[in-house]
Amino acid sequence: MVLEPAQIASIFDPVSTPAAEIYTLSMLLLAICAAIFVAVAGLTAYCVVAFRRRADDDGREPPQIYGSNPIELAWTVLPLLIVFVLFLVTTRTLLAVQKAPPPPGTLHVTVIGHQWWWEFRYPDLGIVTANELHVPVGRAGDRRPTYLRLESVDVVHSFWIPQLNGKTDVIPNRVNTMWIEPLRPGLFLGQCAEYCGTQHAHMLLRVIAHEPAEFDAWVASQRAPAAVDAAAASGRALFDSLACINCHRVGGTVADGAFGPDLTHLMTRATIGAGVAANTPANLRAWVANPDQLKPGVLMPAMKLSAAEIDQVVAYLTTLQ
Ligand code: CUA
């Protein structure tokens, strides 16, 4: 696995504007509920101790009291006020998280859920990539949020990067939206949060937040045409002759499939198989030989290639910088 333990995602460490809004609201709700708990549990404990059965009890019923306007008013008005405050702060957060209009300079990305990987399309930049979402970092005077348009080609998934925003379902034949705005550079981990089949647990997400200049460099690298390396010509010819091209795209070649991840700049990604393995030549080789071994149930078939053919294909794939 390539999950870095130090980066286990936590909702208690928000680094994005909407995540911070949700965190603040959660803490307020927790504080109010904790205060109610302490008051109720404290009174209960006091009554249990103060009015316990004593040795000198005469066994008679205590005086019965019926009706008290001040007390009844208090236990009606106080909860009403609390619920009203909760309603106001929750509505405020909902509006801030879900209805915020995209400011100028917003990056738009279409996220497409597949069994079991994520496709990322940057329609304004002409970039298509998978599983690793690159976005710029924003500052107070220089906001650069990313608005996500969530779609699914098969079943219901859920897009969740705990440090950047709450989870949003990704539903076939429906478009949901959400936005993120990382305020410091870094790698933020997430995962599909809705059971979507055998490999739901291996439908991982990586968001890489870059300083603006670094993000521009990444954009330029992704917009460049696929590398052509004469040394890998035989592997490329083999790849282009196989069914690989029905599912995968490599820009500028006959490979134009859309069922699997775009491989044009495969080697710029840190992981393969939606985060199941580091993107190393050895893992690529194991993956091409038998994807099912790394990710049981994966929809990519083993192509039944000879060892020499696998070497050729992997040699070609590793040139796709
Ligand atoms: Cu996709 Cu769970």
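Scroll up a little and you will see the structure.
Residues numbered from 1 in each chain as written. Predicted model: local features only at pLDDT ≥ 70, side-chain atom pairs only at ≥ 80, totals over all residues. Heavy atoms only, no water.

## Let's talk about the nonpolar core
- Ranked by size, the top nonpolar core spans 31 residues in total, and within it Trp118, Phe120, Tyr122, Leu133, Leu148 and Phe159 carry the most contacts.
- The set of elements that each furnish at least two residues to this core consists of β1 (107-114), β2 (117-122), β4 (132-136), β5 (146-152), β8 (176-180), β9 (186-192), β10 (204-210) and α3 (212-223).
- The contact partners of Phe120, leaving out residues within four places of it in the chain, are Val109, Thr110, Val111, Ile127, Val128, Thr129, Ala130, Asn131, Glu132, Leu133, Phe159 and Leu205.
- Counting 26 residues, the second-largest nonpolar core is a separate cluster that includes Leu242, Leu284, Val313 and Val314. (Core = buried A, V, L, I, M, F, W, Y, C linked by side-chain atoms within 4.5 Å. Buried < 20%, exposed > 50% of the residue type's maximum accessible area, 1.4 Å probe, protein only. Helix = DSSP H or I, 4+ residues; strand = E, 2+ residues; numbered from the N terminus. Contact = heavy atoms within 4.5 Å.)

## Some remarks on unusual backbone geometry
- The amide bond that connects Gln115 to the next residue, Trp116, takes the cis arrangement and shows omega of 0 degrees.
- For Trp116, the position within the fold is in the loop between β1 and β2.
- A positive phi angle, near 60 degrees, is found at Asn173, a position not held by glycine.
- Within the element layout of this structure, Asn173 appears in the loop between β7 (168-170) and β8.
- You will see that Lys304, though not glycine, has its phi angle at about 55 degrees, which is positive.
- Within the secondary structure layout, Lys304 lies in the loop between α7 (291-294) and α8 (307-317).
- Look at Lys304 and you get exposed, because its relative accessible area is 74%.

## A closer look at the sheet that holds β7
- Spatially, 5 strands are ordered β4-β10-β9-β6-β7 in an open sheet, and the strand pairing comes out mixed. What marks the edges here is a single partner per strand, and that holds for β4 and β7. Neighbour-to-neighbour, the strand axes of the sheet open up by a mean angle of 25 degrees, direction not taken into account.
- Two elements, strand β6 (residues 157-160) and β9, share 2 bridges in a ladder whose sense is antiparallel. Following the sheet pairing, Trp160 is matched in β9 by Gln191. (Pairing = 2+ DSSP bridges. Axes fitted to C-alpha atoms, helices over the stretch in contact; angles between N-to-C directions.)

## Looking at the pattern of salt bridges
- For the structure on display, the rule yields 12 salt bridges.
- The partner of Arg184 in a salt bridge is Asp13, with the nearest N and O atoms 3.9 Å apart. Note that Arg184 is positioned in the loop between β8 and β9 and Asp13 in the segment before α1 (17-50), a separation of 171 residues in sequence.
- For Asp13, a relative accessible area of 37% puts it in the partly exposed group.
- When the shortest N-O distance is used, the salt bridge between Asp256 and Arg249 registers 3.8 Å.
- One salt-bridge network, in which partners are shared between bridges, spans Arg249, Asp256 and Asp262. (Salt bridge = Lys/Arg side-chain N within 4 Å of Asp/Glu carboxyl O.)

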